[in-house]
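# Notes for the structure review
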Amino acid sequence: MADPVAGIAGSAAKSVRPFRSSEAYVEAMKEDLAEWLNALYDLGLPGSGDGFLTGLATGTTLCRHANAVTDAARALAAARPTRGVAFQAHSVAPGSFMARDNVATFIGWCRTELGVPEVLMFETEDLVLRKNEKSVVLCLLEVARRGARLGLLAPRLVQFEQEIEQELHAAPPVPHVPRAVEEGTETTTAPAAPARGPRMTPSDLRNLDELVREILGCCTCPDQFPMIKVSEGKYRVGDSSLLIFVRVLRSHVMVRVGGGWDTLEHYLDKHDPCRCSSTAHRPSQPRARTFSPQRVSPTPSPRPGSPVPGSEHRGSRQEVTPISLRSTKEGPETPH
């Protein structure tokens, strides 16, 4: 029996194409991190545009947080980090030598004291000159995870991760049920500590299913990509037993993938053959199999009113519609 918490299972559904754009999920993470840092240090950082990185470019807030994490570790007699940082806190202009020195000090602390994996690190120029926004965001999210284990306030995404880990720990082992994993996704696996510190406002899951339906409704092809609700915040997707965890983060619907997050829209862009196709809609042949307890034929026919090439030869065939989250629409459907 496989332990669902023993690590990320082997990929059950590889991406059909490489990730097209990272803007959506990076923007969602920036909003979450800005809200988190504002709550911790009363900063007023904007969560969108260049304002987030510009507000951190002096390095003072980063070094303040490094010392806060160190103090929390000492209070709990944790093994690491053991040392804080000395930095220039006043009259620091973005892009100046002192700003670069502060940022470099924080980076060194993350690497040596906190033990952040190299794959999640960023360079001074990535922040000061905004060369690699994604690397900065991923590093800060990992720093937030480490701080949350020491009792500090956690961003919502980290809280979601804790909830998911607790759910997996509480669930009985299920064999051969993989969790979503992404090719090239930065992964860090560590036991989730109980939240000892304050928490951000919890997310409301009441509208999650409605939002998922709306996003799935962007595809009007007759043979729709299956996404079946298993429980609150948990869905089975595609033609396999792959389970994904979904959460609402303000205006974003986020999917837990590997050791990070993606937006549901871009997750579907990579896994739904219709959205991945360079043509306007999916190939005309029916899906070989669909995950549905009511499936009676391995090659279901399209719904009436949704013609595909060659359908005139299959008109007398019994109709079988895969179960999905969307209700059947009246009248003909228009392919992309």
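The structure this text deals with has already been given above.
Structural notes, computed from the coordinates. These numbers come from a predicted model, not from an experiment.

With that settled, the discussion passes to the overall build of the chain. Within the chain, the regular secondary structure consists of 10 helices and 5 strands. Residue pairs at least 24 apart in sequence account for 67% of intrachain contacts in the chain once pairs closer than 6 positions are excluded. Here the chain displays about 16000 Å² of accessible surface, and carbon together with sulfur accounts for 53% of that area.

Here we take up the environment of L153. The topology assignment puts L153 in the loop between α6 (133–149) and α7 (156–170). Look at L153 and you get buried, because its relative accessible area is 8%. For the pair L153 and A39, spaced 114 residues apart in the sequence, the C-alpha separation amounts to 8.5 Å.

Below, the discussion takes up the nonpolar core. With 53 residues, the main nonpolar core has F52, F106 and W109 as its most contacted residues. Contributing elements (two or more residues each) for this core: α1 (23–41), α2 (51–56), α3 (60–75), α4 (97–114), α5 (124–128), α6, α7 and β3 (243–249). In terms of domain composition, this core takes at least three residues from each of domain 1 (20–153) and domain 2 (206–271). The contact partners of W109, leaving out residues within four places of it in the chain, are A66, V69, T70, P81, R83, G84, V85, L114 and V143. L208, I215, M227 and L242 belong to the second largest nonpolar core, which has 18 residues in total.

The next point concerns the pairing of strand β2 (residues 234–237). Of the two faces of β2, the one holding K234 and R236 and the one holding Y235 and V237 are both buried throughout. Turn length for the strand β1 (residues 227–231)-β2 hairpin, with the two strands adjacent in sequence and antiparallel, is 2 residues, and the turn residue G233 shows positive phi of about 80°. Relative to β3, β2 runs antiparallel, the two sharing 3 bridges. Looking at the pairing, K234 lines up with F245 of β3.

Bringing α1 into the picture now. Here α1 spans 26 Å end to end across 19 residues, near enough to the 27 Å set by a 1.5 Å rise per residue. Burial in α1 covers these residues: Y25, V26, A28, M29, K30, D32, L33, A34, W36, L37 and Y41.

With that settled, consider the side chain of K30. With respect to the secondary-structure elements, K30 resides in helix α1. Judged by relative accessible area, which is 1%, K30 ranks as buried. Of the polar contacts made by the side chain of K30, one reaches the side chain of E133; its length is 2.8 Å.

For the rest of this paragraph, the subject is the pairing of β3. In terms of burial, β3 is a largely internal element, 7 of the 7 residues being buried. Counting the residues that bridge the hairpin from β2 to β3 gives 5 residues, and of these G238 lies at a positive phi of roughly 70°. Relative to strand β4 (residues 252–257), β3 is paired through 5 bridges, and the arrangement is antiparallel. Residue pairing in the sheet places V246 in a bridge with V255 of β4. With antiparallel pairing between neighbouring strands as the criterion, β3 and β4 make up a hairpin whose turn holds 2 residues, including R250 at a positive phi of roughly 55°.

Here α6 is 17 residues long and its end C-alpha atoms lie 25 Å apart, about the 24 Å a rise of 1.5 Å per residue gives. Among the 17 residues of α6, 14 are classified as buried, and the element is accordingly described as predominantly covered. Taken from the residues just after α6, G151 is the one with a positive phi, measuring 100°.

Following the criterion strictly, the structure yields 3 aromatic pairs and no others. Here F106 and F122 contribute two aromatic rings whose centre-to-centre distance is 6.5 Å and whose plane-to-plane angle is 35°, an arrangement assigned as tilted. Within this pair, whereas F106 is found in helix α4, its partner F122 is found in the loop between α4 and α5, the two being separated by 16 residues in sequence. With a relative accessible area of 1%, F106 lands in the buried category. One aromatic cluster in this structure is built from F106, W109 and F122.

With that out of the way, let us pick up the sheet that holds β4. Reading across the sheet, the 5 strands line up as β1-β2-β3-β4-β5 and stay open at both edges, with antiparallel pairing between neighbours. At either end of the open sheet lies a strand with only one pairing partner, and these are β1 and β5 (260–263). Each neighbouring strand pair of the sheet contributes to a mean axis angle of 40°, computed without reference to strand direction. Contacts from α7 reach β1, β2, β3, β4 and β5, with the element oriented near 145° to β3.

The rules we used
Residues numbered from 1 in each chain as written. Predicted model: local features only at pLDDT ≥ 70, side-chain atom pairs only at ≥ 80, totals over all residues. Heavy atoms only, no water. Helix = DSSP H or I, 4+ residues; strand = E, 2+ residues; numbered from the N terminus. Contact = heavy atoms within 4.5 Å. Areas by Shrake-Rupley, 256 points an atom, 1.4 Å probe, with all protein chains shown as cover. Buried < 20%, exposed > 50% of the residue type's maximum accessible area, 1.4 Å probe, protein only. Core = buried A, V, L, I, M, F, W, Y, C linked by side-chain atoms within 4.5 Å. Domains from an automatic or database assignment. Pairing = 2+ DSSP bridges. Expected span 1.5 Å × (residues − 1). Polar contact = N/O pair within 3.5 Å; in protein donor to acceptor, adjacent residues only side chain to side chain. Phe/Tyr/Trp six-rings, centres within 6.5 Å; stacked < 30°, edge-to-face > 60°. Axes fitted to C-alpha atoms, helices over the stretch in contact; angles between N-to-C directions.

Geometric descriptors of this kind do not, in isolation, establish any biological role.
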